[in-house]
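Structure assessment
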2 protein chains.
Amino acid sequence: MKIALLTIGDEILAGSTLNTNVHFLSKHLTDAGYLVCEHRIVSDGAEPLKRALDELFATCDYIISTGGLGPTVDDITRHVVADYFGMGFKKSELVYQDLLARYGSSLDSLEDQATLPERAKILPNTMGTAPGLWFDEGGKVLVLLPGVPSQMEAIFTSFCLPTLINHCPLEEKLFSLSLYFFHINENQVDPFIRELKSRYPAIDFGIYPSYGFLGIKLSAIARDDSSLAAPANEILKKFQAYFYSDTSPNLARALQEKMVKKGLKLGLAESCTGGAFAARLTAIADASQYFMGSVVSYSNHVKESVLGVESLAKHGAVSEETVIEMADGARKLMECDYAISISGIAGPTGGTKDKPVGTIWAAIASKEGTRAMLVPARPHFSRAQMVSYTIDWLMGELLSTIN
Amino acid sequence: MKIALLTIGDEILAGSTLNTNVHFLSKHLTDAGYLVCEHRIVSDGAEPLKRALDELFATCDYIISTGGLGPTVDDITRHVVADYFGMGFKKSELVYQDLLARYGSSLDSLEDQATLPERAKILPNTMGTAPGLWFDEGGKVLVLLPGVPSQMEAIFTSFCLPTLINHCPLEEKLFSLSLYFFHINENQVDPFIRELKSRYPAIDFGIYPSYGFLGIKLSAIARDDSSLAAPANEILKKFQAYFYSDTSPNLARALQEKMVKKGLKLGLAESCTGGAFAARLTAIADASQYFMGSVVSYSNHVKESVLGVESLAKHGAVSEETVIEMADGARKLMECDYAISISGIAGPTGGTKDKPVGTIWAAIASKEGTRAMLVPARPHFSRAQMVSYTIDWLMGELLSTIN
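Residues numbered from 1 in each chain as written. Chains lettered and ligands numbered in written order. Predicted model: local features only at pLDDT ≥ 70, side-chain atom pairs only at ≥ 80, totals over all residues.

**Comments concerning the overall build of chain A**
Operational definition: Secondary structure is summarised from DSSP: a helix means a run of H or I of at least four residues, a strand means a run of E of at least two, and numbering begins at the N terminus for each. Atoms counted for the radius of gyration: C-alpha only. Globule rule: 2.2 Å times the number of residues to the power 0.38. Burial is judged by counting other C-beta atoms within 10 Å of a residue's own C-beta: 20 or more means buried, 12 or fewer means exposed, and anything between counts as partly exposed, with every C-beta placed from the backbone. Any pair of residues counts as being in contact when their C-beta atoms, constructed from backbone geometry, are within 7 Å of one another.
A tally of helices and strands in chain A yields 15 helices and 17 strands. Since a compact globule built from 403 residues should have a radius of gyration of about 22 Å, the 27 Å found for chain A marks it as more spread out than a globular shape. Dimensions of chain A along its principal axes, counting C-alpha atoms only, are 80 × 60 × 40 Å. Counting over 403 residues, chain A shows a buried share of 45%. Restricting the contact set of chain A to residue pairs at least 6 apart, pairs at least 24 apart contribute 63%.

Below you can see the structure in the form of structure tokens.
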């Protein structure tokens, strides 16, 4: 049983709008055990839409489409689909009365939005005007959902997914499991995964490298997830020293869990990350349980007057001495168990011959002492990538330090 | 001349990864004047890929594909495409020597990554191992780019787009121009834009409201951008008081330009934004010319001990009194002309009856005094949206304050 996702919208093809709808639908369908076999985004217009339906139905049983259901002149999806399946329109009194109650008679498009293809099942839209539509014609199912994300998500969750589960219960479904590792790269795991694949041919293995961490995903179509345990355990055993989570790639989340469990407090002293390090930590709910704060000492004056750094004149802002003093200062000022400091030349400008763009010093202070490290960042990274890389790398260091 | 974008990747179909590559490519191709007619995302595997190539080449002249070029076992794109066009492989000594110089001989996949389809033109990858490949076979062009966004973007910008422009130059292209305004909403500009549209029928006008600002985009398919000047000037004249940029919607950039010009310094005291406010400001190059730093006082202890806040016991962390003390404290501590403070209940939890989620207090301190404001944020916003909204709103306030 395969599902294709179809998006109708010129604004997506022009790059004006990021297509988050297919991401949402893919994630929720996959979580429910269904297999999404294709995404297709086509232009507003009868011809591209009909061609997409023909081609997709040749290999898929279900198509879920988003977009083109609104009241304006460029919204033609309903009409093209009714024509495709050879059906007329009729006014739905239920939809009409609901729209009247919510929007009043002043809404010009009331009649139009309540006039729907005659054999389509209606999936109510409680947040907007265009209902979702479920077509089941000759063994092929096509679902039309509006393109506004909040409306699409509400209709999908409350009506479309329950109808799908009822219409097509799964005997076997897609089970998957992800393992996240730090301080390891894809070349180190690839030979082992290739060998595993030969011994577990029914399991799909994917390797997903990212900044500072690596994900390995195992998946299989089965009745339950039991077949994943053995290969997952082999991977865990082989790379135990680098493993940090089987629930989320987010190193900050793993760190928070560990620090809260140990009752430890963390503070930061940031220079080149400019607040992005703290923002990463505080993006996770309940970060206040362990995160005290950050001194974003972007100017040298703040490094000296707030953090008490004394090495600037002698060693410069990007130096081992300065990050050690920053971490010590932050730990003392905010009274925390651990403090991390970071100062570097994030670029694009500001590099010198001795300290090129990408030179980043960081330090971790604790009651055991303070140690500085030169972060293995790469000079061609964007600032955002460099920040991600450095944060992930420091998190890995800290996670392996706290036992 | 039509271009289709093809993405190869199960992780996107499973909803694990958001497909930002097609968004980037669509935007840059559209800006260059090309028409993107379809996006298609298919599973890793020979069959889906070959079928997509057949179907897309039936209606398009160019396909740009991303993903599946890496060295690991699940990366099969190169092989499937070589087979599709009926060509063998040969080792590129140029690519091999380049990889050797950058990665050393320890990289296992060196030989593999340098062995490429024999008739493909190589688009160098200076940031990773897999080069882009340009196939021109029987009047159909297929370009393969790696899936890692930073590598894909670099190859596209430096090699793929220039090759495309050379291969298929455009006589007329899409020209556009955007104007950015704060403290104004779409209802205030819509009647004027409709009237303009009737007088300039060849120009497309778009209104893009966002958090704290509004963009108006003018575009036209033409030989040059001369037709945009007259309507743009009419818009500027009408809404001059709200205008802040014709280059970037980024209010932070506009603020930086103004503060640097006036020789003013800014500091922050953040609570609910958790560093994201500073991160936004420091994401702009040379922010250190005016930005001193931020005290991310996530814990009450830091608010009191670092910023000298005294009102917490009496008024709570989210209150007019506290943000005024935070701003005053930050301005004094970091010795700056202006300080902004912010403290609120960003959610999803932590709201009370008196102070529901979305209650955000902010203050601006200067030598003229300190004033607090209740930010008009919305409770259903995500934390990221709330931060964006608040930052943009405060920036607008500050921009209209500094004359």
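**Re the sheet that holds strand 11 (residues 213-222) of chain B**
All names here are of chain B. Operational definition: A pair of strands is labelled paired if DSSP reports no fewer than 2 bridges between them. Axes here refer to lines fitted to C-alpha atoms; in helices the fit is confined to the stretch in contact. Angles between the N-to-C directions go from 0 to 180 degrees.
Read across the open sheet, the four strands follow the order 10-11-9-12; overall the sheet is antiparallel. The two strands at the open ends of the sheet, each matched to only one other strand, are strand 10 (204-209) and strand 12 (243-245). Here the strands of the sheet are splayed against their neighbours by 30 degrees on average, with no regard to which way each runs. Bridge count between strand 9 (residues 173-182) and strand 11: 10 bridges; the pairing is antiparallel. Note that in strand 11 the partner of leucine 179 across the bridge is isoleucine 216.

**Considering the relation of the copies chain A and chain B**
Superposition of the two copies of the chain requires a rotation about an axis together with a shift along that axis. To keep things clear, this is the line we draw: Here the copies are matched by least squares. The fit uses the C-alpha atoms of residues with pLDDT of at least 70 in both.
In the superposition of chain A on chain B (RMSD 2.8 Å, axial shift 2.3 Å), the rotation amounts to 177 degrees. The fraction of interface residues of chain A whose copies in chain B are also interface residues reaches 80%, indicating that both copies meet through the same surface.

**What to know about the domain arrangement of chain A**
Residue and element names in this part refer to chain A. Under the convention used in this document: Domains are outlined according to an automatic or database domain assignment. Each residue receives one of three labels: charged for Asp, Glu, Lys and Arg, nonpolar for Ala, Val, Leu, Ile, Met, Phe, Trp, Tyr, Cys and Pro, and polar for the others, Gly being one of them.
For chain A, the assigned domains read domain 1 (2-167), domain 2 (173-245) and domain 3 (251-401). Put simply, the middle of domain 2 and the middle of domain 3, counted by C-alpha atoms, are 31 Å apart. Contacts between the two partners involve seven residues from domain 2 and, on the opposite side, nine residues from domain 3. When its residues are assigned to classes, the side of domain 2 that touches domain 3 shows four nonpolar, three polar and no charged.

**A word on the nonpolar core**
Where we set the bar: Any nonpolar core is a set of buried residues, restricted to Ala, Val, Leu, Ile, Met, Phe, Trp, Tyr and Cys, that join up through C-beta atoms within 7 Å.
Counting 141 residues, the largest nonpolar core has A:Ala327, A:Ala330, A:Ile340, B:Ala327 and B:Ala330 as the members making the most contacts within it. Setting aside chain neighbours within four positions, we find B:Ala330 in contact with B:Gly267, B:Leu268, B:Ala269, B:Val295, B:Leu307, B:Ala339 and B:Ser341. Formed by 92 residues, the second largest nonpolar core is a distinct cluster that contains A:Leu5, B:Cys60, B:Ala120 and B:Val148.

**Considering the pairing of strand 8 (residues 140-145) of chain A**
All names here are of chain A. Pairing of strand 3 (residues 62-66) with strand 8, which is carried by five bridges, proceeds in the parallel orientation. Note that in strand 8 the partner of isoleucine 64 across the bridge is valine 143. Sheet analysis places strand 7 (residues 132-137) next to strand 8, joined by five bridges and oriented antiparallel. Bridge pairing in strand 8 places leucine 133 opposite leucine 144.

**Description of the confidence of the model for chain A**
A low pLDDT means the predicted coordinates there should not be read in detail. Counted only if it meets this: Along the chain, pLDDT gives the predictor's confidence residue by residue, from 0 to 100.
With 98% of its residues at a pLDDT of 70 or more, chain A has an overall mean of 91. Scoring of the predicted complex yields 0.72 for pTM and 0.72 for ipTM.

**What about the interface of chain A and chain B?**
With 59 residues of chain A in contact, the opposing surface of chain B contributes 57 residues. Put simply, the parts of the chain that give the side of chain A that touches chain B at least two residues each are helix 2 (20-31), strand 2 (35-42), helix 8 (186-199), strand 10 (204-209), helix 11 (276-282), strand 14 (291-296), helix 12 (300-305) and helix 15 (383-401) of chain A. It is strand 2 of chain A that contributes the most residues to the side of chain A that touches chain B, seven residues altogether. In terms of residue class, the side of chain A that touches chain B is built from 26 nonpolar, 23 polar and 10 charged. Pairing analysis gives five bridges linking strand 2 of chain A to strand 2 (residues 35-42) of chain B, with the strands arranged antiparallel. Across the sheet, A:Ile41 pairs through a bridge with B:His39, a residue of strand 2 of chain B.

**Here's the deal with helix 2 (residues 20-31) of chain B**
Put simply, the test is: Expected span of a helix, by definition, is 1.5 Å for each gap between consecutive residues, and there is one gap fewer than residues.
A rise of 1.5 Å per residue sets the reference length of helix 2 of chain B, with its 12 residues, at 16 Å; its end C-alpha atoms lie 17 Å apart and thus fit the reference within 8%. Buried-residue contacts for helix 2 of chain B involve helix 1 (10-13) of chain A together with strand 1 (2-8), strand 2, strand 3 (62-66), helix 7 (149-167) and strand 9 of chain B. At the exit of helix 2 of chain B stands B:Gly33, carrying a positive phi of roughly 100 degrees.

**Observations regarding the packing of helix 10 (residues 251-262) of chain A against helix 15 of chain A**
Residue and element names in this part refer to chain A. For clarity, the threshold we go by: Each angle gets one of four labels, with under 35 degrees taken as roughly parallel, over 145 as roughly antiparallel, 65 to 115 as roughly perpendicular, and the rest as oblique. Crossing handedness is read from the near helix: turned anticlockwise from the far helix by less than a right angle, it gives a left-handed crossing, and turned clockwise, a right-handed one.
Where helix 10 contacts helix 15, the axes come no closer than 9 Å and their chain directions differ by 30 degrees. In this view, helix 10 runs roughly parallel relative to helix 15, as classed from their interaxial angle. Of the two elements, helix 10 crosses helix 15, and the hand of that crossing is left-handed. When helix 10 is examined against helix 15, the residues Leu251, Ala252, Ala254, Leu255 and Lys258 are found in contact with a partner set consisting of Asp392, Met395, Gly396, Leu398 and Leu399. Classifying every residue of the contact of helix 10 with helix 15 gives seven nonpolar, one polar and two charged.

**Let's talk about the pairing of strand 16 (residues 360-366) of chain B**
Residues and elements named next belong to chain B. The buried fraction of strand 16 amounts to six of the seven residues, a majority that puts the element mostly inside the structure. Bridging between strand 15 (residues 338-344) and strand 16 involves six bridges; their strand directions are antiparallel. The partner of isoleucine 342 across the bridge, within strand 16, is alanine 362. Counting the residues in the hairpin turn of strand 16 and strand 17 (residues 369-374) gives two residues.

**Things to note about unusual backbone geometry**
Excluding glycine, residues mostly carry a negative phi; peptide bonds, for their part, are mostly trans. Residue and element names in this part refer to chain B. Its identity is not glycine, yet histidine 183 carries a phi of approximately 55 degrees, on the positive side. Checked against the element boundaries, histidine 183 lands in the loop between strand 9 and helix 8 (186-199). Even without glycine at this site, glutamate 335 takes up a positive phi of about 50 degrees. Structurally, glutamate 335 is set in the loop between helix 14 (320-334) and strand 15.

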